[in-house]
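Here is what each chain is made of, one letter per residue.
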Amino acid sequence: MSRINLLDPLLSSRIAAGEVIERPQSVLRELLDNALDAGADEIRVSIDGGGIDCLSVADNGSGIAREDLRLLGTRHATSKLHTLDDLYDIRTLGFRGEALYSIGAVSKLTVSTRSQETGEGSTLVIDNGKRSKITSSSPDKGTVVTAENLFGEIPARRAFLKRAASEAALCRQLLVSKALAFPSQRFLFTSDGAIRLDWPKCSSLKERVMFLYRAEGIADGDVEELRTEGEDFSITIVAGNSAVKRSDRKEIRVYVNNRPVEEYSIVQAVTYGYGELLPGGSFPYAAVFIQDNPELVDFNIHPAKREVKIRNKAEIHHAITTLLQNGIKRRIPEITPVQREFFLENTKTSDIPFTPEKKSFTYTPPRSMGEGKVTERIRSEYREKDSAWLEKAKALQKERDERRNTPVAVHTAEDEKKDEIRYIGQVFSLFLIAERGDELYLIDQHAAHERILYDELLSQRTVQNLLIPVKLELDRDGCEFLRKHSETYTKLGIMISETDDGGWEITALPASCRPIESEIVDFIKSSRLDEKELESKLFAVIACRAAIKAGDEIDRWSAEALIRKVFELEDPACPHGRTFLVRLKEKDLRLMVGRTE
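Right, let's walk through the structure included here. These numbers come from a predicted model, not from an experiment.

Overview of the sheet that holds strand β23 (residues 504-510)
Here we have 3 strands laid out as an open sheet, ordered β21-β23-β22, and antiparallel in their pairing. Across the chains shown, the open sheet's two edge strands, defined by having one partner strand only, are β21 (463-472) and β22 (495-498). Taken pair by pair, the neighbouring strands of this sheet meet at an average axis angle of 20 degrees, ignoring direction. As paired elements, β22 and β23 share 4 bridges and run antiparallel to each other. Opposite Glu498, over in β23, you have Trp504 as the bridge partner. Sheet contacts for helix α14 (residues 476-491): β21, β22 and β23; angle to β22, the most-contacted strand, approximately 145 degrees.

Shown next, in the form of structure tokens:
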């Protein structure tokens with residue numbers, strides 16, 4: 001049986017360092033926190049070998065006094081806390097006094113600083129836990145902290161690091177995440193001697209966040225900056241509109257008192273706020289900056305301070321949802337500036353001259369393709385194969401011209417004197433085409449009809465009693481949920497009652513629900529939602545089942561009636577959040593076929 005003994009101080013320091021320092025990214029996180037706490041407005045980060053060989057952070061902050069440098073790098077030495085009460089009113093990014101101690105235990109740490117208060121310069125070196133004497137060399141201003149040969153004396157830890165390029169990418173991601181919350185600071189990132197990021201000072205959070213969003217092709221006009229305040233908190237959200245979406249939650253960023261944190265309830269509040277603006281499976285671009293009373297938050301629950309406890313979380317959750325619901329608007333899709341530029345570049349000249357009086361294309365291949373069989377094969381592909389095609393095309397065009405010359409009295413609800421809407425026709429048994437002024441509209445007939453039915457269901461609640469009640473087989477959780485929320489279903493026109501034997505049955509339904517009783521039963525069995533969500537989800541299911549389907553042929557009069565209602569809608573999206581209306585301007589269509597004048 002082994003005996004209990006005290007660990008060697010160097011061994012215990014390296015064990016403790018493992019809780020804080022995992023890789024170069026961890027080192028950078030701690031050094032950036034210290035630089036920002038020092039009041040720096042310019043921070044320069046330089047790494048070599050992915051930060052494994054060398055990682056340096058230089059700032060122009062307040063610096064460190066020589067007498068304080070003697071304690072720097074010892075365990076739990078910090079200038080951020082002085083009393084127990086300070087732990088419950090944290091206003092700095094660093095506060096535990098573990099970072100420099102941990103970094104110095106697993107690398108060669110050099111701290112060179114000039115105190116703004118005394119003007120005195122000093123340098124301290126801690127090489128894998130071994131401290132050297134303080135010398136007088138220093139930068140002209142601020143502090144430069146350098147960590148070299150990370151985990152050089154712990155090969156087992158170093159073996160788990162990724163290749164240098166991957167570690168460098170993680171460092172850059174960390175810098176971007178930190179920089180978003182500090183628009184008034186300049187951040188410069190250099191990797192192996194090459195500048196990889198240079199973000200100047202900005203005047204607003206939106207301006208800073210747009211450095212990130214523009215790199216992903218997002219235009220300034222598609223992003224809103226929203227603000228609100230509560231009793232103990234303020235919130236700023238920089239978020240994209242309905243045209244900006246992605247397939248994961250990675251770009252829903254949450255900051256609490258300038259710290260990037262992982263807080264699922266806040267991410268959930270953002271998705272609730274967008275609601276039906278985005279289709280199912282899509283998520284927004286949104287950066288949420290929360291400034292909360294320090295007494296109401298606790299970051300002292302994770303070594304890397306990535307998690308937080310928020311005492312007024314419910315109020316903040318509601319404020320975020322409401323702010324987004326009122327502030328984010330839907331945008332009708334149209335050709336983007338990037339697409340427009342593409343068409344301009346690709347329609348300046350044409351490689352395929354077309355002669356109208358002939359019945360085939362005359363195609364001249366590039367010289368690199370050669371002549372002979374290649375040329376003959378291409379020409380044969382474009383050769384006319386049906387001698388009657390022209391007459392058929394003329395007849396079809398004449399029929400379309402007659403339709404186009406017959407105006408349809410469809411007007412918007414806002415102003416009946418606006419340009420008239422012309423219904424052109426249906427294509428692919430799915431899209432309805434309409435023209436208004438210099439704009440062409442493509443309308444998804446199923447999604448449009450689904451939205452109209454959904455709105456009608458919300459406004460009309462005709463209830464029909466069932467001659468034979470529909471039985472519900474529910475588990476224990478389902479029964480408990482219905483006992484608490486059966487009145488919610490009653491408000492929606494669905495009468496649900498508990499039988500004497502403990503079962504449940506549906507005794508009445510909205511008239512429009514009769515054809516889809518089975519879907520209603522499945523919905524009730526599987527749904528555990530609040531009143532508002534129950535209403536929207538349930539009626540969305542009903543509307544989806546009853547709407548015109550993709551592939552259904554639709555007559556002219558039904559199409560015109562549907563278009564009339566579509567142009568009366570304020571929000572052209574189906575109940576699931578999918579936009580069903582696409583707008584093309586005449587000038588963009590001309591551009592697409594090379595008519596640039």
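And the narrative resumes.
A few points about the sheet that holds strand β12 (residues 252-256)
If you walk across this open sheet you meet the 5 strands as β9-β10-β15-β12-β13, and the pairing is mixed. Edge positions in the open sheet fall to β9 (223-229) and β13 (259-261), since each of these has one partner strand only. Sheet twist, expressed as the average angle between the axes of neighbouring strands with direction ignored, equals 20 degrees. Bridge count between β12 and β13: 3 bridges; the pairing is antiparallel. From the neighbouring strand, Val256 faces β13, where its bridge partner is Arg259.

Observations regarding the packing of aromatic side chains
Overall, the coordinates contain 4 aromatic pairs when judged by the stated rule. Summarising the aromatic geometry, the rings of Tyr441 and Phe567 are spaced 5.1 Å apart at their centres and angled 85 degrees between planes, so their arrangement reads as edge-to-face. Separated by 126 residues along the polypeptide, Tyr441 in strand β20 (residues 439-444) and Phe567 in the loop between α17 (556-566) and β24 (581-585) bring together distant segments of the chain. With respect to burial, Tyr441 and Phe567 carry one shared label: buried.

Here's the deal with the environment of Ile424
The residue Ile424 is located in strand β18 (residues 421-427) in this model. When the C-alpha positions of Ile424 and Tyr441 are compared, they lie 9.9 Å apart, and in sequence the two are 17 residues distant.

Brief notes about a nonpolar patch on the surface
A grouping of Leu589, Met592 and Val593 is seen on the molecular surface, where their side chains present a nonpolar patch of about 250 Å² in accessible area. Within the secondary structure layout, Leu589 lies in helix α18 (residues 586-592). With relative accessibility at 33%, the residue Leu589 sits in the partly exposed group.

With respect to the nonpolar core
Residues Ile43, Val45, Tyr213 and Phe289 are the most contacted members of the largest nonpolar core, which totals 56 residues. Looking at this core, the element that brings in the most residues is helix α6 (residues 164-180), giving 7 residues. Leaving out residues up to four positions away in the same chain, Ile43 has contacts with Leu32, Ala35, Leu36, Val57, Ala58, Asp59, Arg186, Phe187 and Leu188. Counting residues in hydrophobic clusters, the runner-up holds 29 residues, among them Ile237, Ala239, Val261 and Val270.

Considering the packing of helix α8 (residues 264-274) against helix α9 (residues 313-327)
It is the contact of α8 with α9, at a shortest axis distance of 7 Å, that shows an interaxial angle of 30 degrees. Between α8 and α9, the interaxial angle falls into the category roughly parallel. The two elements α8 and α9 meet at a crossing, and its hand is right-handed. Residues Ser265, Ile266, Gln268, Ala269, Val270, Tyr272, Gly273 and Tyr274 of α8 touch α9, and the partners they reach there are Lys313, Ile316, His317, Ile320, Thr321, Leu324 and Gln325. When grouped by side-chain class, the residues that make up the contact of α8 with α9 number 8 nonpolar, 6 polar and 1 charged.

Things to note about helix α4 (residues 99-106)
Across the 8 residues that make up α4, a large majority, 8, are buried. Among all positions in α4, only Ala99, Leu100, Tyr101, Ser102, Ile103, Gly104, Ala105 and Val106 are buried.

Remarks on α14
Helix length check: α14, at 16 residues, gives a terminal C-alpha distance of 23 Å against a target of 22 Å (1.5 Å per residue), a fit within 8%. Among all positions in α14, only Gly478, Cys479, Phe481, Leu482, Ser486, Thr488 and Tyr489 are buried. Within two residues after α14, Gly493 carries a phi angle of roughly 90 degrees, on the positive side.

Some thoughts on the pattern of salt bridges
Going through the model one piece at a time under the given rule, you end up with 18 salt bridges. The salt bridge partner of Glu167 is Arg23, with a shortest N-O separation of 2.9 Å. Taken as a pair, Glu167 in helix α6 and Arg23 in the loop between α1 (9-20) and α2 (24-37) lie far apart in primary sequence, 144 residues in all. Across the salt bridge formed by Arg253 and Glu251, the nearest N and O atoms sit 3.0 Å from each other. We note that Arg253, like Glu251, is buried. Each of the salt bridges in this network shares a partner with another, and the network as a whole consists of Glu42, Arg44, Arg186 and Asp198.

About the thresholds
- The residue numbers shown here count from 1 along each chain, following its written sequence.
- Whole-chain, interface and lining totals are the exception, using all residues; otherwise, since this is a predicted model, local features are given only for residues with pLDDT of at least 70 and side-chain atom pairs are given and counted only at 80 or more.
- Side-chain numbers here rest on the full set of heavy atoms in the structure, without hydrogens or water.
- For two strands to be treated as a pair, DSSP must find at least two bridges joining them.
- Runs of H or I in DSSP of at least four residues are treated as helices and runs of E of at least two as strands, each being numbered from the N terminus.
- For helices, the axis comes from a line fit to the C-alpha atoms of the stretch in contact; other axes are also lines fit to C-alpha atoms, and the angle between any two N-to-C directions lies between 0 and 180 degrees.
- The contact definition used throughout considers only heavy atoms, calling two residues in contact when any of these lie within 4.5 Å.
- Here is the rule: rings of Phe, Tyr and Trp (six-membered ring for Trp) pair when centre to centre is within 6.5 Å. Planes less than 30 degrees apart are stacked, more than 60 are edge-to-face, and the remainder are tilted.
- Categorising residues by exposure relies on relative accessible area from a 1.4 Å probe, with only protein chains included: less than 20% of the type maximum marks a residue as buried, more than 50% marks it as exposed, and the intermediate range marks it as partly exposed.
- Patch membership is restricted to residues that have no salt bridge and whose relative accessible area is over 30%. Joining uses 9 Å for like charges and 5 Å for the nonpolar side chains Val, Leu, Ile, Met, Phe, Trp and Tyr.
- With residues, only the protein chains shown are counted as cover, and all accessible areas are computed by Shrake-Rupley using a 1.4 Å probe.
- The term salt bridge refers to a side-chain nitrogen of Lys or Arg lying within 4 Å of a carboxyl oxygen of Asp or Glu.
- The term nonpolar core refers to a set of buried residues drawn from Ala, Val, Leu, Ile, Met, Phe, Trp, Tyr and Cys, joined through side-chain atoms within 4.5 Å.
- With respect to orientation, any angle under 35 degrees is reported as roughly parallel, any angle over 145 as roughly antiparallel, any angle of 65 to 115 as roughly perpendicular, and every other angle as oblique.
- When the near helix sits turned anticlockwise from the far one by under a right angle, the crossing is termed left-handed; a clockwise turn instead gives a right-handed crossing.
- For this classification, Asp, Glu, Lys and Arg are treated as charged, while Ala, Val, Leu, Ile, Met, Phe, Trp, Tyr, Cys and Pro are nonpolar and the rest, including Gly, are polar.
- By this rule the span expected of a helix is its residue count minus one, scaled by 1.5 Å.

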